[in-house]
Amino acid sequence: MSPTLFPKQSHHSFEAVVPRESSAVSDIRRSAASVLRLWSIGDSVVGDVQLVVSEFAANAIEHGCDCVKLSTVETVCRVIIGVSESSSAPLFFVVRIRTL
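Along each chain, numbering runs from 1 in the same order as the chain's sequence is written. In view of the model being predicted, local features appear only for residues whose pLDDT reaches at least 70, and side-chain atom pairs are presented and counted only at 80 or more, with totals across whole chains, interfaces and linings using the full set of residues. Excluding hydrogens and water, the side-chain values take into account all heavy atoms of the structure.

### Topic: the overall build of the protein chain
Each helix is a run of DSSP H or I of at least 4 residues and each strand a run of E of at least 2, with the numbering of both proceeding from the N terminus. When its secondary structure is counted, the protein chain shows two helices and four strands. Ordered by position from the N terminus, the helices and strands of the protein chain form the series β-α-α-β-β-β. Any two residues whose heavy atoms approach within 4.5 Å at even a single point are treated as in contact. Sequence-distant contacts, at least 24 apart, represent 55% of the contacts inside the protein chain between residues at least 6 apart. Computed with the Shrake-Rupley method and a 1.4 Å probe, the accessible areas treat only the protein chains shown as cover for residues. For the protein chain, the exposed surface amounts to about 6000 Å²; the carbon and sulfur share of it is 52%.

### Quick word on the sheet that holds strand 2 (residues 67-74)
Strand pairing is defined by DSSP finding a minimum of two bridges between the two strands. Taken in spatial order, the four strands make up an open sheet running 1-2-3-4, and their pairing is antiparallel. The open sheet has two free edges, formed respectively by strand 1 (12-19) and strand 4 (91-96), since each of these has just one partner strand. Here the strands of the sheet are splayed against their neighbours by 15° on average, with no regard to which way each runs. Alignment of strand 1 against strand 2, held across eight bridges, turns out to be antiparallel. Within strand 2, the residue paired with His-12 across the bridge is Glu-74. Axis lines are fitted through C-alpha atoms, for helices just across the contact stretch, and the angle between N-to-C directions can take any value from 0 to 180 degrees. Its contacts with the sheet place helix 2 (residues 43-63) against strand 2, strand 3 (78-85) and strand 4, and it is angled at close to 175° to strand 4.

### Side note on the pattern of salt bridges
Every case where a carboxyl oxygen of Asp or Glu lies within 4 Å of a side-chain nitrogen of Lys or Arg is listed as a salt bridge. Tallied over the full model, the rule gives three salt bridges. We note a salt bridge from Asp-43 to Arg-37, for which the minimum N-O separation is 3.3 Å.

### Quick look at the nonpolar core
The biggest cluster of nonpolar side chains holds 24 residues, and the ones touching the most others in it are Val-49, Val-53, Val-68 and Ile-81. Contributions of two or more residues to this core are made by helix 1 (24-38), helix 2, strand 2, strand 3 and strand 4. Buried Ala, Val, Leu, Ile, Met, Phe, Trp, Tyr and Cys residues form a nonpolar core when they are joined through side-chain atoms within 4.5 Å. Relative accessibility decides the category of a residue: with a 1.4 Å probe and only protein chains considered, values under 20% of the type maximum give buried, values over 50% give exposed, and everything between is partly exposed.

### Digging into helix 2
Here helix 2 contains 21 residues, and its C-alpha end-to-end distance of 30 Å stays within 8% of the 30 Å for a straight helix at 1.5 Å per residue. Taken together, the buried positions of helix 2 are Val-45, Val-46, Val-49, Gln-50, Val-53, Ser-54, Ala-57, Ala-60 and Ile-61. Axial view of helix 2: buried residues confined to an arc of 165°, hence all on one face. Helix 2 presents Ser-44, Asp-48, Leu-51, Glu-55, Glu-62 and His-63 as exposed residues on the side facing more than 90 degrees away from its buried surface. Among the structural elements, helix 1, strand 2, strand 3 and strand 4 are those in contact with the buried residues of helix 2. Take the residue count of a helix, subtract one, and multiply by 1.5 Å to get its expected span. Directions pointing from the helix axis toward each C-beta atom define the arc.

### What to know about unusual backbone geometry
Trans peptide bonds make up the majority, and among non-glycine residues the majority have a negative phi. Despite not being glycine, Ser-40 shows a phi value in the positive range, around 65°. Note that Ser-40 resides in the loop between helix 1 and helix 2.

In structure tokens form, the structure reads like this:
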């Protein structure tokens, strides 16, 4: 049995879709940072997430189709980030933000 990536109940979630343009990388990076700060996530985590989101988004823009989608879910102890473009499955990464 494989683990479920998204928990049944989350505290927050956010999605943004940007056009497939090079300027969208900075837009999606700023969106991720703004949302995480709104959720009171620490700056060290925000910086790490921005770096990974930038890399994923740049790759999706370079190799993808129409648009790039950022999905963000915050749970009790982690933030789950997904970046996708319309022709492929999303790339996910998980950041632990708290220890239970």
